[in-house]
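Observations on the model geometry
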Amino acid sequence: MDEKSRLIERLDQARATMRAVLAIVDTHRSIYPDWTIKEVLAHIAGWDDASAASLRAHALGNEPATPAARGIDYYNAESVSTRETLDYDHVVKEWEMAREELKAAINDMPPDKLNQSMLFPWGDTGTIAQLVAIFAGHEKEHAKEIRELVEQANRLS
């Protein structure tokens, strides 16, 4: 398997883990303080959007914007607030489309840029493989936490 396929597979595995959680979660119940699953998905979609934009800039040899330059918490709040008026199904579609854009940005990466250091959306630098590891792990971590919270709530009911 080539490097691009391996990176995309890692993202697909993380997404499958979260999709399994969507099947068991109450879409109206708070998961984290002030966040339902809709807000969690909006948060993940925001990072996928920012990462895809960074990858596209990197592919062109341009310096990407750093949308999280004001801080990760600020960017998280902004990603969620821009989607708060959308209904759950719309957010799910955006979450799926943002991941497809991220995967397309990886697929479109020129081979000579694939292992070069790039600027991440929050201002750090690293490789595309490191970026994918961060966000695949991030999504899996959320999925694990949400599954545990749902299972704990079910035991208490």
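Above this text is the structure in question.
The text that follows walks through the structure, step by step, so that each part is easy to find. Please read all numbers here as calculations on a predicted model, not as lab measurements. (Residues numbered from 1 in each chain as written. Predicted model: local features only at pLDDT ≥ 70, side-chain atom pairs only at ≥ 80, totals over all residues. Heavy atoms only, no water.)

In terms of regular secondary structure, the protein chain is built from five helices and two strands. Walking the protein chain from its N terminus toward its C terminus, one meets helices and strands in the order α-α-α-α-β-β-α. Here the C-alpha atoms of the protein chain give a radius of gyration of 16 Å, agreeing with the 15 Å that 2.2 N^0.38 yields for 157 residues. Across its three principal directions, the C-alpha atoms of the protein chain cover 55 × 35 × 25 Å. Looking at the protein chain as a whole, 44% of its 157 residues are labelled buried. Accessible surface, the protein chain: about 8,300 Å² in total, of which carbon and sulfur atoms supply 50%. (Helix = DSSP H or I, 4+ residues; strand = E, 2+ residues; numbered from the N terminus. Rg over C-alpha atoms; globule rule 2.2 N^0.38 Å. Buried < 20%, exposed > 50% of the residue type's maximum accessible area, 1.4 Å probe, protein only. Areas by Shrake-Rupley, 256 points an atom, 1.4 Å probe, with all protein chains shown as cover.)

Assignment of secondary structure puts Glu 139 in helix H5 (residues 128–156). The class of Glu 139 is buried, set by a relative accessible area of 0%. Only 3.2 Å separates the side chain of Glu 139 from the side chain of Trp 95, close enough to count as a polar contact. In this structure Glu 139 touches Ala 14, Arg 15, Met 18, Ile 44, Trp 95 and Arg 99, once residues within four positions along its chain are discounted. (Polar contact = N/O pair within 3.5 Å; in protein donor to acceptor, adjacent residues only side chain to side chain. Contact = heavy atoms within 4.5 Å.)

Another point: the nonpolar core. By size, the foremost hydrophobic cluster in this structure holds 23 residues, and its most contacted members are Leu 55, Ile 106, Trp 122, Ile 128 and Leu 131. With five residues, the top contributor of residues to this core is H5. In contact with Ile 128, not counting residues within four places along its chain, are Leu 7, Leu 55, His 58, Ile 106, Met 109, Lys 113, Leu 114 and Met 118. Judged by nonpolar contacts, the second largest core, of 21 residues, contains Tyr 32, Val 40, Val 80 and Val 150. (Core = buried A, V, L, I, M, F, W, Y, C linked by side-chain atoms within 4.5 Å.)

Right, let's get into helix H4 (residues 88–107). Taking 1.5 Å as the rise per residue, H4 with 20 residues should run 28 Å; its terminal C-alpha atoms sit 29 Å apart, in good agreement. Every buried residue of H4 is listed here: Val 91, Val 92, Trp 95, Ala 98, Arg 99, Leu 102, Lys 103, Ala 105 and Ile 106. Projected onto a plane normal to the axis of H4, the buried residues spread over an arc of 160 degrees and lie on a single side. Exposed and oriented more than 90 degrees from the buried face of H4 are Asp 89, Lys 93 and Met 97. Where H4 is buried, its residues touch helix H1 (3–22), helix H2 (37–60) and H5. (Expected span 1.5 Å × (residues − 1). Arc of directions from axis to C-beta.)

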